[in-house]
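# Chains, contacts and geometry: an overview
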Amino acid sequence: MYLAQLSSKKLLPIFSSQIRGKKFHPVWWDPHSLNDYDNLSKGHPSVQEQWDSEWASTEIVPRELKAFDINRLPNNLIARNKRIPVPVLHDNEKTLFYQRRLFGIYGLKSGVNPCEMFDSYEELEREEKLKKLIEPDVEEFKRTRAQEIEEEAKADSERIRKVKENLERLPEMMKKYQASQAKKFEAAKAMDEKRRQLLEDARDKFGYYVDHRDQKFLKMVEEKQEEEKLAKKATKKKK
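Now for a quick tour of the structure. The shown structure was predicted, so the numbers you read here are calculated from the model rather than taken from an experiment.

Before going further, it helps to spend a moment on the overall build of the chain. The helix and strand tally for the chain stands at nine helices and zero strands. Along the chain, helices (α) and strands (β) appear in the sequence α-α-α-α-α-α-α-α-α when read from the amino end. Here the contacts in the chain between residues at least 6 apart in sequence split such that 8% fall between residues at least 24 apart. Working note: accessible area of the chain is about 21400 Å², and carbon and sulfur atoms make up 58% of it.

What follows is about the packing of aromatic side chains. Two numbers describe a pair of aromatic rings. These are the distance of the centres and the angle of the planes. The final tally for this structure, using the stated rule, is one aromatic pair. The interplanar angle of 40° and the centroid separation of 6.4 Å between the aromatic rings of Phe206 and Tyr208 together place this pair among those described as tilted. Overall, Tyr208 belongs to the partly exposed group, its relative accessible area being 39%.

So, on to the side chain of Ser110. With respect to the secondary-structure elements, Ser110 resides in the loop between helix H6 (96–106) and helix H7 (121–134). Excluding its chain neighbours within four sequence positions, the residues that come into contact with Ser110 are Pro85, Leu102 and Phe103.

Side chains of Glu122, Glu123, Glu125 and Glu127 sit close together on the surface and give a patch of like negative charge. Relative to the helices and strands, Glu127 resides in helix H7.

Core analysis: the biggest nonpolar cluster contains six residues, these being Leu198, Ala202, Val210, Phe217, Met220 and Val221. Per-element accounting of this core gives the leading share, three residues, to helix H9 (residues 215–238). Apart from residues no more than four positions distant in its own chain, Met220 is found in contact with Leu198, Asp201, Ala202, Lys205 and Phe206. If you look at the next biggest cluster of nonpolar residues, it comprises five residues, including Leu102, Tyr106, Val112 and Met117.

This part takes up the side chain of Glu93. Along the polypeptide, Glu93 turns up in the loop between helix H5 (75–80) and H6. Lys94 provides the closest opposite charge to the buried, salt-bridge-free Glu93, at an N-O distance of 8.4 Å. Not counting the four nearest positions on each side in its chain, Glu93 is found in contact with Pro87, Val88, Tyr98 and Gln99.

What follows concerns a nonpolar patch on the surface. A contiguous nonpolar patch, built from Val163, Leu167, Leu170 and Met174 and spanning about 340 Å² of accessible area, is present on the exposed surface. Along the polypeptide, Leu170 turns up in helix H8 (residues 138–206).

Its 14 residues place the ends of H7 20 Å apart at the C-alpha level, agreeing with the 20 Å of an ideal helix rising 1.5 Å per residue. H7 sits mainly on the outside: zero of its 14 residues count as buried.

A cluster of basic side chains, namely Lys194, Lys229, Lys232, Lys233, Lys236 and Lys237, defines a positive patch on the protein surface. Top contributing element to the positive patch by residue count: H9, with five residues. Its location among the elements puts Lys233 in helix H9. For Lys233, a relative accessible area of 53% translates into the label exposed.

The next subject is the packing of H8 against H9. As a packed pair, H8 and H9 sit with axes 11 Å apart at the nearest point and diverge in direction by 110°. One element, H8, and the other, H9, form an angle in the roughly perpendicular class. Between H8 and H9 the crossing geometry is right-handed. From H8, Lys194, Leu198, Leu199, Asp201, Ala202, Lys205 and Phe206 reach across to H9, where they touch Lys216, Phe217, Met220, Val221, Glu223, Lys224 and Glu228. Across the contact of H8 with H9, the residue classes tally to seven nonpolar, no polar and seven charged.

About the criteria used
Residues numbered from 1 in each chain as written. Predicted model: local features only at pLDDT ≥ 70, side-chain atom pairs only at ≥ 80, totals over all residues. Heavy atoms only, no water. Helix = DSSP H or I, 4+ residues; strand = E, 2+ residues; numbered from the N terminus. Contact = heavy atoms within 4.5 Å. Areas by Shrake-Rupley, 256 points an atom, 1.4 Å probe, with all protein chains shown as cover. Phe/Tyr/Trp six-rings, centres within 6.5 Å; stacked < 30°, edge-to-face > 60°. Buried < 20%, exposed > 50% of the residue type's maximum accessible area, 1.4 Å probe, protein only. Patch = residues over 30% accessible without salt bridge, like charges linked within 9 Å, V, L, I, M, F, W, Y side chains within 5 Å. Salt bridge = Lys/Arg side-chain N within 4 Å of Asp/Glu carboxyl O. Lys, Arg positive; Asp, Glu negative; His and termini not counted. Charge placed at Lys NZ, Arg CZ, Asp CG, Glu CD. Core = buried A, V, L, I, M, F, W, Y, C linked by side-chain atoms within 4.5 Å. Expected span 1.5 Å × (residues − 1). Axes fitted to C-alpha atoms, helices over the stretch in contact; angles between N-to-C directions. Parallel < 35°, antiparallel > 145°, perpendicular 65-115°, else oblique. Left-handed = near helix turned anticlockwise from the far one by under 90°. Nonpolar A, V, L, I, M, F, W, Y, C, P; charged D, E, K, R; others polar.

Shown next as structure tokens:
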């Protein structure tokens, strides 16, 4: 009922209409209509109107004398240079970067001392070090490169000398290696033969083949080792 009364009084369009700025196209909420042409040419006031009003409000150089001005900027842009500098209030505005920016925009009106805009001795020294690292002197570069080439040649000659010495020792080293490998092979073969003989002895003792991890087999091996030790001691006593 209440909505019907509102619709009869034509109050619903007030709530259904979208809020927008005056410089935007009336259907700015439509994504296909929001472009530079609509915003710049159909805004109120338009860009041309703003330019004309700004031009008319400046009285630096009359239009008649503008042709004789060596500064080719229009009057409205020249008027922008007459702005009042922004006061420095915060700590980030006291930095060297911000002070340089103020001086670049407002000049001496900013109250910034131009002597403080130059680099300090520490910064100049740092820049000099970076320049030496990035852009070394030509003669220094030649000298350094020649030294590097000489060191590389020495390292190569030393490497070649070691390779020749190792090649001369290679036959002897190969003989030693082959002898050690043959010795290891014989030791492994003797160990396998001894294990096989122990397994055969266990078969003769127990009447069946036993596993080499069986407790009976391990106990028999310990007994064999004790017998061998006693036999060695007996032979030593006889001598």
